[in-house]
Amino acid sequence: MATIAENIQQVHRRITRACALAQRPVQSVTLLTVSKTYSADAVREAVAAGEHRFGENYVQEGLDKIDALIELREQLEWHLIGPLQSNKTRLVASQFDWVHTVDRLKIAQRLSEQRPAELLPLQVCLQVNTSGEAAKHGLTPDELPAVAHAVAALPRLRLRGLMAIPEPTDDVAAQRRAHRHLHDLMAALVADGLPLDTLSMGMTADLESAILEGATIVRVGTAIFGPRPQAAR
Ligand SMILES: *Cc1c(COP(=O)(O)O)cnc(C)c1O
């Protein structure tokens with residue numbers, strides 16, 4: 001079986017190839033290593049292989065891992081990429097560096113109020129539902145502009161861009177359409193004056209399609225750590 005370090009190399013090769021195809025500089029795409037369900041020791045291996053940005057889905061699991069790796073805290077960036085309820089915002093505002101899944105103004109307001117003054121602003125993306133009623137989370141494209149302008153004005157947050165989790169499909173054309181939709185939504189906000197620079201889209205199965213459509217952060221778990229145990233997708 002390949003090691004975590006070998007898998008990471010392989011993912012960087014995929015990113016490099018996709019950037020070449022898209023005629024984009026390889027530095028324009030950041031790898032977010034998704035460590036949900038994997039141990040702090042697995043994260044250590046990824047750190048030893050050169051990674052320092054980690055994505056977690058479940059707030060409590062993320063906090064436990066941040067804690068277990070506290071001696072590395074200064075060199076790591078922790079990204080929340082799972083759903084966030086309002087009773088967890090205080091912990092997230094004080095412990096994480098990024099939240100990709102803001103999908104309500106109320107949550108953003110709480111995060112801004114609760115972000116400790118001694119930390120940099122919390123970096124956030126708005127999660128957008130680009131796949132219609134199938135998705136449980138995310139702003140609709142119609143709701144997006146008003147919420148984006150309101151979130152951008154919050155003092156302790158820095159709105160960086162948009163995130164989506166499209167319906168899984170093997171059809172590359174369909175993958176690209178979904179990613180292009182998110183890209184176009186961000187382009188419209190930028191044209192409207194918001195200084196956004198981040199498109200968080202693409203996972204193990206569709207990172208190439210995402211990069212071809214402008215992804216700046218790809219969130220990759222399975223290709224690095226292997227399949228996750230059941231029930232913990
Ligand atoms: C689990 C997860 C990923 C990683 O998915 P893989 O298919 O394992 O690469 C990316 N983004 C989100 C939001 C996730 O929940």
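Just so we're clear, the structure is a prediction, and the values are computed from it rather than from any experiment.

### Things to note about the overall build of the protein chain
Then, in step 1: Scanning the protein chain from terminus to terminus reveals nine helices and eight strands.
Then, in step 2: The C-alpha radius of gyration computed for the protein chain amounts to 17 Å, which stays within 12% of the reference 17 Å derived for 233 residues, consistent with globular compactness.
Then, in step 3: Seen through its C-alpha atoms, the protein chain measures out along the principal axes to roughly 50 × 40 × 35 Å.
Then, in step 4: Taken across its 233 residues, the protein chain has 50% of its residues classed as buried.
Then, in step 5: Taking contacts inside the protein chain between residues at least 6 apart in sequence as the whole, the part at least 24 apart equals 61%.
Then, in step 6: When the accessible surface of the protein chain is totalled, it reaches about 11,200 Å², and 53% of it is carbon and sulfur.
Then, in step 7: The distance from the centre of the 25 positive side-chain charges to the centre of the 27 negative ones in the protein chain is 1 Å.

### Regarding the nonpolar core
Then, in step 1: The biggest cluster of nonpolar side chains holds 62 residues, and the ones touching the most others in it are I15, V99, L111, L126, L162 and V218.
Then, in step 2: Here this core gets six residues from one element, more than from any other, and that element is helix α1 (residues 4-22).
Then, in step 3: Apart from the residues lying within four places of it in its own chain, the contact partners of V218 are I15, V29, T30, L31, L32, M201, G202, L207 and I211.
Then, in step 4: Residues I81, W98, M163 and I217 belong to the second largest nonpolar core, which totals seven residues.

### Let's talk about the site of the ligand
Then, in step 1: Around the ligand lies a shell of 14 residues, among which K36, T204, G221, T222 and R228 are the nearest.
Then, in step 2: In this structure, N57 approaches the ligand through a side-chain N or O atom, which is 2.9 Å from an oxygen atom.
Then, in step 3: Measuring from an oxygen atom of the ligand, one finds a side-chain N or O atom of T222 at 2.5 Å.
Then, in step 4: A class-by-class count of the residues in the shell around the ligand yields six nonpolar, four polar and four charged.

### Re helix α6 (residues 144-152)
Then, in step 1: Along α6, the residues classified as buried are L144, V147, A148 and V151. Buried residues of α6, seen end-on, are gathered within an arc of 100 degrees and therefore sit on one face of the element.
Then, in step 2: On its buried face, α6 sits against α5 (105-114), β5 (122-127), β6 (157-163) and α7 (172-191).

### Observations concerning the pairing of β5
Then, in step 1: Of all the six residues making up β5, six are buried; the element is thus mostly covered by neighbouring parts of the structure.
Then, in step 2: Of the pairings in the sheet, the one linking strand β4 (residues 98-102) to β5 comprises three bridges and is parallel in character. What sits directly across from V99, in β5, is V124.
Then, in step 3: With α5 bridging β4 and the parallel β5, this β-α-β connection has right-handed handedness.
Then, in step 4: Of the strand pairs in this sheet, β5 and β6 are connected by six bridges, and their pairing is parallel. Across the sheet, residue L126 finds its bridge partner in β6, namely L162.

### Considerations on the pattern of salt bridges
Then, in step 1: Throughout the structure, instances matching the rule amount to eleven salt bridges.
Then, in step 2: Residue E71 is joined to R44 by a salt bridge in which the shortest nitrogen-to-oxygen separation is 2.6 Å. With a gap of 27 residues between them, E71 in the loop between α3 (59-68) and β3 (77-80) and R44 in helix α2 (residues 40-48) connect regions that are remote in the sequence.
Then, in step 3: Among the ionic pairs, R53 bridges to E77, the shortest N-O distance being 3.3 Å. Taken together, the positions of R53 in strand β2 (residues 53-56) and E77 in strand β3 put the pair 24 residues apart, joining distant regions of the chain.
Then, in step 4: Through salt bridges with shared partners, a single network forms among D41, R44 and E71.

Conventions and cut-offs
- Residues numbered from 1 in each chain as written.
- Predicted model: local features only at pLDDT ≥ 70, side-chain atom pairs only at ≥ 80, totals over all residues.
- Heavy atoms only, no water.
- Helix = DSSP H or I, 4+ residues; strand = E, 2+ residues; numbered from the N terminus.
- Rg over C-alpha atoms; globule rule 2.2 N^0.38 Å.
- Buried < 20%, exposed > 50% of the residue type's maximum accessible area, 1.4 Å probe, protein only.
- Contact = heavy atoms within 4.5 Å.
- Areas by Shrake-Rupley, 256 points an atom, 1.4 Å probe, with all protein chains shown as cover.
- Lys, Arg positive; Asp, Glu negative; His and termini not counted.
- Charge placed at Lys NZ, Arg CZ, Asp CG, Glu CD.
- Core = buried A, V, L, I, M, F, W, Y, C linked by side-chain atoms within 4.5 Å.
- Near = heavy atom within 4 Å.
- Polar contact = N/O pair within 3.5 Å; in protein donor to acceptor, adjacent residues only side chain to side chain.
- Nonpolar A, V, L, I, M, F, W, Y, C, P; charged D, E, K, R; others polar.
- Arc of directions from axis to C-beta.
- Pairing = 2+ DSSP bridges.
- Right-handed = clockwise from strand over helix to strand, strands pointing away.
- Salt bridge = Lys/Arg side-chain N within 4 Å of Asp/Glu carboxyl O.

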